[in-house]
Each structure stands twice: as structure tokens, then as C-alpha cells.
Amino acid sequence: QVQLVESGGGLVQPGGSLILSCTASGRNFDIYTMAWFRQAPGNQRELVAAITENFRTNYTDSVMGRFTISRDNAKKTLYLYMKILKPEDTAVYYCHGNYGRYRYWGQGTQVTVSS
């Protein structure tokens, strides 16, 4: 089994930056497609960014150019570098991994963008 644990959430001012991390405890991290999702109160959970085992990336339009997803397979860690943060980025951010029938979720970390 794989367990995912997020860290790095917190309060940041509009225009600020934040780095989220997600560390996997299981094996074969390097073959999983990894992603960040987020969910704000009253909203559906949405895909923010994803990165494949081949380091291909994709982003939702609202964060493109501001967020960068990356992975360090040696450390079994997924990152989300966020800059020029906006109040509408406020949400619980979830780490996700999948390979075939195997899908895993972290417990989430709160990001609040406010003055």
C-alpha cells in the first residue's frame, strides 16, 4: 500500500508564494502518475496539476503560469510551487497518485490566501 502525506499549507497574502510537499511511504513511487487536486467550500474537487512517470505535466487554466508541479523520485516526494497566489486559490489541497487500478489520496492541507 501507499500512504501520502501533505505538508506546507498555511496562510499567505495575495501575490505571495507557497510550496506544498507530498511524501509517499510505499514502494514504486516513480511509476505512479501524481497530481494535486483542490476543493474549496461549496465547490467540486478539481484537478490543479498532474505529472506522469515521464515528467509530462498539465495544469488547469486558472493556475497555468503561476504554479509548477514537480517530483523527486529518490525522495518519493511530490511538490507544488505556487506563486502570485490569489484569494480564489484558497482551498484544501490534496495529493493524489495512480497507476492502473491503484489510486491513493492524501488527507489534504489547507491553503488560505488572504490579507
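Residues numbered from 1 in each chain as written. Predicted model: local features only at pLDDT ≥ 70, side-chain atom pairs only at ≥ 80, totals over all residues. Heavy atoms only, no water.

Asker: How would you summarise the pairing of strand 3 (residues 18–24) if you had to cite specific residues and measurements?
Answerer: When you tally the buried positions in strand 3, you get 5 out of 7 residues, the bulk of the element. As paired elements, strand 1 (residues 4–7) and strand 3 share 4 bridges and run antiparallel to each other. Following the sheet pairing, valine 5 is matched in strand 3 by threonine 23. Both strand 3 and strand 8 (residues 77–82) contribute to a ladder of 6 bridges, which runs antiparallel. The partner of isoleucine 19 across the bridge, within strand 8, is tyrosine 81. (Buried < 20%, exposed > 50% of the residue type's maximum accessible area, 1.4 Å probe, protein only. Helix = DSSP H or I, 4+ residues; strand = E, 2+ residues; numbered from the N terminus. Pairing = 2+ DSSP bridges.)

Asker: Which residues make up the pattern of salt bridges, and what values do they have?
Answerer: The final tally for this structure, using the stated rule, is 3 salt bridges. The salt bridge partner of arginine 38 is glutamate 46, with a shortest N-O separation of 2.7 Å. Taking the relative accessible area as the measure of exposure, arginine 38 reaches 5% and is therefore buried. Each of Arg38, Glu46, Arg66 and Asp89 takes part in one network of salt bridges that share partners. (Salt bridge = Lys/Arg side-chain N within 4 Å of Asp/Glu carboxyl O.)

Asker: Requested: an account of the state of the cysteines, with residues and values cited.
Answerer: As enumerated under the stated definition, the model contains 1 disulfide in all. With its sulfur 2.0 Å from that of its partner, cysteine 22 forms a disulfide with cysteine 95. With the S-S dihedral at roughly -80 degrees, the linkage between cysteine 22 and cysteine 95 falls on the left-handed side. Placement of the pair is cysteine 22 in strand 3 and cysteine 95 in strand 9 (residues 91–99), with a sequence separation of 73 residues. The burial state of cysteine 22 is the same as that of cysteine 95; both residues are buried. (Disulfide = S-S within 2.5 Å.)

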